[in-house]
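# Observations on chain architecture
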Amino acid sequence: MSVTTTDLSVRVPSQNLRGCVREEREVNMGSSSSSYAPKTIYLDVDGKVQKVVFSRHCSPCDIKELLCSSSNIPRNTAIMMVDPEGALVSIDPTMPTNSPNSLYKVVPLSTGQLGEKEDMFQNVLSQVAEQFSRAFRINELKTEVTNRLAMLEKRVELEGLKVVEIEKCKNDLKKLRDEMTSRGGGRVNCPCKYNFSDDGKKVTPRRDVPNYPKYTLSQETVEALKKPTFDVWHWEHNEMLSCLEYMYHDLGLVKEFNMNPITLKRWLLAIQENYRNNPFHNFRHCFCVSQMMYGMIHLCNLQEKLTLTDMGILMTAAVCHDLDHPGYNNTYQINARTELAVRYNDISPLENHHCAVAFQILSLPECNIFANVDPEAFKQIRQAIITLILATDMARHGEILDSFKQKVDNFDFTNEEHVTCLKMVLIKCCDISNEVRPTEVAEPWVDCLLEEYFMQSDREKSEGLPVAPFMDRDKVTKPTAQIGFIKFVLIPMFETVMKLFPQIEEIMVQPLRDSRDHYEELKQIDDAMTEHLKSLKAQFLTK
């Protein structure tokens, strides 16, 4: 006997995940939660077995419509359901399940069969069953009410959006005109998304229930996520969001900090929306750093050595470390005397800004993944995240690495100062770890970084500011940009970490040595070509 399935879910298979991931977009009727398994019953429909799947939170009315549809009965027809012995079965989410060997049958009722009292009794019974069903999902109902309120708020916001945008444009134009006037038509500040004098009004992440699709990661993808060889170029933003969401669940951070899963989704969306579309410092870079951090946690068995709170600090700092990066580095900010440089007194202006934006987002109730954390504990988490993000300023590289070198030979995981120093070095490793990845993954990042460098140096030239040689398109090549950085920054730092975690040598340190050799070979080829061209030119001039 064949089995046909009717389901209250819509599943859409993805066609673009290159075999590593299966997309499953689910719209479950009656609940926005995916934490409850659906219910399955089997019907006898014209001698065939009909499998029916529905959410435990569907209303009796929804289930009746589904049963009518499954049994080829017109909608809104009064029906009853009986078991193989002829006993009535209640039509509500609490109905007992059956098997293909014990089929239920849906029977339409004629007008004469259903008297007025029976009709009233059925309605009362349905209402009572629905109330019982609702009583067992109070949290889901709270979420549903909150989401509906948020949607209404969104509608109100949209109604006034045009007026707000017009006023915003007017104010921005006025501010720009005033700045140009005050500078005599000179350079304009490096633009920043946030003006802190606006009391945080510019941070407006989405308040409705996040609607990026749910991706069920394949086992192959789950394992690949834990390794530095992970190819970050094969993923779209929604897929990267789902991978980040998976990491927080897999590490036990959602449970440890009692995070609302919907709040986690909202927070991740707000994070993504507050990374700019720079060539290098963009959301893909954020994901790249966060994935490398997740990989190092597994590779170095940090779950056995650090606390879950430390895991949460490391991951959250990685996710937030470059929020709202304008695409121009600290040197430009300071030389151009931008608003950020003035606000932070030339002390790590970008890193301070990343921290400020991160905690502006977390200050919004709908995005606060630490809302259920004790206030005193949150203070410590906040300070630790700030410490890690500020550590990504490369101006402090030598200071931080020297401090770690002094501790690594006698490292003590019970010493808070030692652990803090380790976490600072770990986020630094992840931030500049592209060359650890395979060449085909790492090399495009060099192109992206040089593009961002050249944008800055072109601007510096036009504004009469100093230009760093490694950013000048007329002086730098890909090999010259990478060789010194790999030899004198990356390899020494990763080899120091290797003293504490020897297992990273093969997977992380050796690829760096190979990358150094690769770029030195490219430089030799470039030098030989240059000499050959000079020789040809000299021969031509002597003729």
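This one's a predicted model, so the numbers in the text were calculated from it and none came from an experiment.

### A closer look at the pattern of salt bridges
- This structure, assessed with the given rule, holds 18 salt bridges.
- Between Glu-223 and Lys-226 there is a salt bridge; the shortest N-O distance is 3.9 Å.
- With a relative accessible area of 34%, Glu-223 lands in the partly exposed category.
- Classification of Lys-226 by relative accessible area gives partly exposed; the value is 24%.
- The network of salt bridges with common partners includes Glu-443, Asp-447 and Lys-478.

### A few points about the UniProt feature "binding site: Zn(2+) 2" (unreviewed entry) in the chain
- Under the present numbering, the feature "binding site: Zn(2+) 2" (unreviewed entry) in UniProt falls on Asp-322.
- By relative accessible area, Asp-322 is classed as buried at 6%.
- Setting aside residues up to four positions removed in sequence, Asp-322 forms contacts with Tyr-275, His-281, His-285, His-354 and Asp-431.

### What about the side chain of His-397?
- Checked against the element boundaries, His-397 lands in helix α15 (residues 397-408).
- At a separation of 3.0 Å, a polar atom in the side chain of His-397 contacts the side chain of Lys-428.
- Those residues in contact with His-397, other than ones at most four positions away along the chain, are Lys-428, Val-489 and Met-493.

### What about the sheet that holds strand β5 (residues 79-82)?
- Strand order in this open sheet of 3 strands is β6-β5-β7, and the pairing throughout is antiparallel. Either end of the sheet is taken by a strand with one partner, and the two such strands are β6 (88-89) and β7 (105-108).
- Bridge count between β5 and β6: 2 bridges; the pairing is antiparallel. Of the residues in β6, the one forming a bridge with Met-81 is Val-89.

### Concerning α15
- Here α15 spans 16 Å end to end across 12 residues, near enough to the 16 Å set by a 1.5 Å rise per residue.
- Those residues of α15 lying buried are His-397, Ile-400, Leu-401, Phe-404, Lys-407 and Val-408. Within α15, the buried residues cover an arc of 125° as seen down the axis, which keeps them to one side.
- Of the surrounding secondary structure, the elements contacted by the buried residues of α15 are α16 (416-431) and α18 (478-500).

Criteria and cut-off values
Residues numbered from 1 in each chain as written. Predicted model: local features only at pLDDT ≥ 70, side-chain atom pairs only at ≥ 80, totals over all residues. Heavy atoms only, no water. Salt bridge = Lys/Arg side-chain N within 4 Å of Asp/Glu carboxyl O. Buried < 20%, exposed > 50% of the residue type's maximum accessible area, 1.4 Å probe, protein only. UniProt positions renumbered as here; feature names shortened; annotations may be inferred. Contact = heavy atoms within 4.5 Å. Helix = DSSP H or I, 4+ residues; strand = E, 2+ residues; numbered from the N terminus. Polar contact = N/O pair within 3.5 Å; in protein donor to acceptor, adjacent residues only side chain to side chain. Pairing = 2+ DSSP bridges. Expected span 1.5 Å × (residues − 1). Arc of directions from axis to C-beta.

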